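Structural features, examined
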Amino acid sequence: ADGYGLVSGYFDKRPWFYSFCIALMHYLSGWRVENAFIVNACFGAAFIFIIAACGKQLAGKSGAWIGAVLAASIPLVAQCATGGGMDMTNVALLALLFLLTTCYLNSPSDIGEGAVLSAAILLAYTRYESLLYVIPALLIVGVGWILRGRAILSLPALIFAPLLLPVLLQNRYFRDSEPLWELRASVQSPFGLEHIAENFPRALYFLFNLSDTLANSAIVSALGIGSFALIVVCAPRLLIRQWREHR
């Protein structure tokens, strides 16, 4: 197009959804550098709203307010919502997937199944590791089938595998193209179980660091681990009770 010229070329290895959102913003409002930050600000606001919706579903209005305040109090959320990376998009979609799965398990339907699978597909196109969230999404769909007593085949379920094919091919290509990952000389692969031993202590240090040098929230981290423990204990009982109610 007139007025545009290629300054440099780079083959980007990142998934496409965040880039698509920015391109859509460019199309609607014209090309501006600020569009990347506007997109993240929108996803940041959406994230707070989705967390509030999750809180309301779990504990009413008080849960909505507590969830929104806790999410907004995390410095990392503000950092991502005002930055230009793809992390805010990923976190917002992850929260949306959680909300949709709770709605789906409360009342399994073809619309709910389609929403869960659609969110999982978008997540797969947001970050490299988010392709893993396809697995729990499929398990949730299976649990919904068990609760309802029959299989539900929505349109997204029928086209689920073909829609994932491009991202699978992209990951396969980059897995075989080591220079594109820009790894340190001591690192053999970008993903693998061998990284857990090194990254787990770093994650704990970040989550529970009490200094003001990191964008974490030790309070939210402690509440999150406690909540996860409650989910592990209570979730099987709730699923069994729902299954009995749907029989």
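Anything mentioned here points back to the structure above.
Let us look at the structure shown here. The model shown is predicted, which means the values in this text are computed figures rather than measured ones. The residue count restarts for each chain, going from 1 along the sequence in the order it is written. Per-residue local features of the predicted model are confined to residues with pLDDT of at least 70, and side-chain atom pairs are confined, for both listing and counting, to 80 or more; whole-chain, interface and lining totals are unaffected and use all residues. Only hydrogens and water are removed before side-chain values are computed, so all heavy atoms of the structure are retained for them.

Centres within 6.5 Å are what make two rings of Phe, Tyr or Trp a pair, Trp counting through its six-membered ring; a difference in plane orientation under 30 degrees is then read as stacked, over 60 as edge-to-face, and the rest as tilted. This model, assessed by the stated rule, comprises 2 aromatic pairs. Note on Trp 16 and Tyr 125: the rings are 5.5 Å apart at their centroids and 40° apart in plane angle, and the pair reads as tilted. Placement of Trp 16 in the segment before helix H1 (17-29) and of Tyr 125 in the loop between helix H5 (110-124) and helix H6 (134-148) is noted, with a sequence separation of 109 residues between them. Ring geometry for Phe 17 and Phe 43: centres 6.4 Å apart, planes at 70°, overall edge-to-face. Taken together, the positions of Phe 17 in helix H1 and Phe 43 in helix H2 (residues 35-72) put the pair 26 residues apart, joining distant regions of the chain. Considered together, Phe 17 and Phe 43 belong to a single accessibility category, that of buried residues. Counting from the N terminus, the helices are the DSSP runs of H or I reaching at least four residues and the strands are the DSSP runs of E reaching at least two. Only protein chains enter the accessibility calculation, which uses a 1.4 Å probe. A residue is then buried if its area is under 20% of the maximum for its type, exposed if over 50%, and partly exposed in between.

Looking at the secondary structure, you find Arg 127 in the loop between H5 and H6. Definition of a polar contact: a pair of N or O atoms within 3.5 Å, with one able to donate and the other able to accept a hydrogen when the atoms are protein atoms, and with sequence-neighbouring residues admitted only if both atoms are side-chain atoms. One polar contact links Arg 127 to Asp 87, side chain to side chain, over a distance of 2.8 Å. Of the polar contacts made by the side chain of Arg 127, one reaches the side chain of Glu 129; its length is 2.6 Å. Residues in contact with Arg 127, not counting those within four places in the same chain, are Pro 15, Met 86, Asp 87 and Asn 90. Note on definitions: a residue-residue contact is assigned when non-hydrogen atoms from the two residues lie within 4.5 Å.

As a further point, take the environment of Ser 211. Along the polypeptide, Ser 211 turns up in the loop between helix H9 (196-208) and helix H10 (218-246). Sequence separation between Ser 211 and Leu 238 is 27 residues, and the spatial gap between their C-alpha atoms is 39 Å. At 2.4 Å, the side chain of Ser 211 and the side chain of Asn 209 are in polar contact. Here Thr 213 takes part through its side chain, which lies 2.8 Å from a polar atom of the side chain of Ser 211.

Structurally, Asn 209 is set in the loop between H9 and H10. Linking Asn 209 and Asn 90, residues 119 residues apart in sequence, is a C-alpha distance of 24 Å. Not counting chain neighbours up to four residues away, the residues in contact with Asn 209 comprise Leu 214, Asn 216 and Ala 218.

Any residue with relative accessible area above 30% and no salt bridge may belong to a patch, with like charges joined within 9 Å and the nonpolar Val, Leu, Ile, Met, Phe, Trp and Tyr side chains within 5 Å. Method for areas: the Shrake-Rupley scheme with a 1.4 Å probe, in which residue coverage is limited to the protein chains shown. What counts as a salt bridge is simple: a side-chain nitrogen of Lys or Arg found within 4 Å of a carboxyl oxygen of Asp or Glu. A contiguous nonpolar patch, built from Leu 193, Ile 196, Phe 200, Leu 204, Leu 207, Phe 208 and Ile 225 and spanning about 670 Å² of accessible area, is present on the exposed surface. By residue number, the principal contributor to the nonpolar patch is H9, which donates 5 residues. Inspection of the secondary structure puts Leu 207 in helix H9.

We call a pair of cysteine sulfur atoms a disulfide when they lie within 2.5 Å. For the coordinates displayed, the defined rule picks out 0 disulfides. With no disulfide of its own, Cys 42 has Cys 21 as its nearest cysteine by sulfur position, at a separation of 9.8 Å. Of all cysteine sulfurs in the structure, the one in Cys 42 sits closest to Cys 80, which takes part in no disulfide; the separation is 15 Å.

Along the chain, Ala 52 turns up in helix H2. Sequence separation between Ala 52 and Asn 40 is 12 residues; the distance between their C-alpha atoms is 18 Å. Other than its neighbours up to four places away in sequence, Ala 52 contacts Ala 64 and Ala 68.

To continue, consider the nonpolar core. One finds Phe 43, Phe 47 and Met 88 to be the most contacted residues of the largest nonpolar core, which totals 42 residues. Every element with two or more residues in this core is listed here: H1, H2, helix H3 (75-81), helix H4 (87-106), H5, H6 and helix H8 (160-175). Here the element with the most residues in this core is H4; it accounts for 8 residues. Working definition of a nonpolar core: buried Ala, Val, Leu, Ile, Met, Phe, Trp, Tyr and Cys residues. They are joined through side-chain atoms within 4.5 Å.

Along the chain, the position of Asn 216 falls in the loop between H9 and H10. Judged by its relative accessible area of 9%, Asn 216 falls in the buried class. At 2.9 Å, the side chain of Asn 216 forms a polar contact with the backbone oxygen of Asn 209. In this view, Asn 216 contacts Pro 75, Phe 206, Leu 207, Phe 208, Asn 209 and Ser 211; residues no more than four positions away in its chain are not counted.

Bringing the packing of H5 against H6 into the picture now. For the pair H5 and H6, the least separation of the axes is 9 Å and the interaxial angle reads 170°. Regarding the angle of H5 to H6, the classification is roughly antiparallel. Contact residues: H5 offers Asp 110, Glu 113, Val 116, Leu 117, Ala 120 and Ala 124, while H6 offers Val 134, Ala 137, Leu 138, Val 141, Trp 145 and Arg 148. Classifying every residue of the contact of H5 with H6 gives 9 nonpolar, no polar and 3 charged. Axes, fitted as lines to C-alpha atoms, cover a helix only where it is in contact. Angles between the N-to-C directions of the axes lie from 0 to 180 degrees. Angle categories: roughly parallel below 35 degrees, roughly antiparallel above 145, roughly perpendicular from 65 to 115, and oblique for all the rest. Residues are grouped as follows: nonpolar covers Ala, Val, Leu, Ile, Met, Phe, Trp, Tyr, Cys and Pro; charged covers Asp, Glu, Lys and Arg; every other residue, Gly included, is treated as polar.

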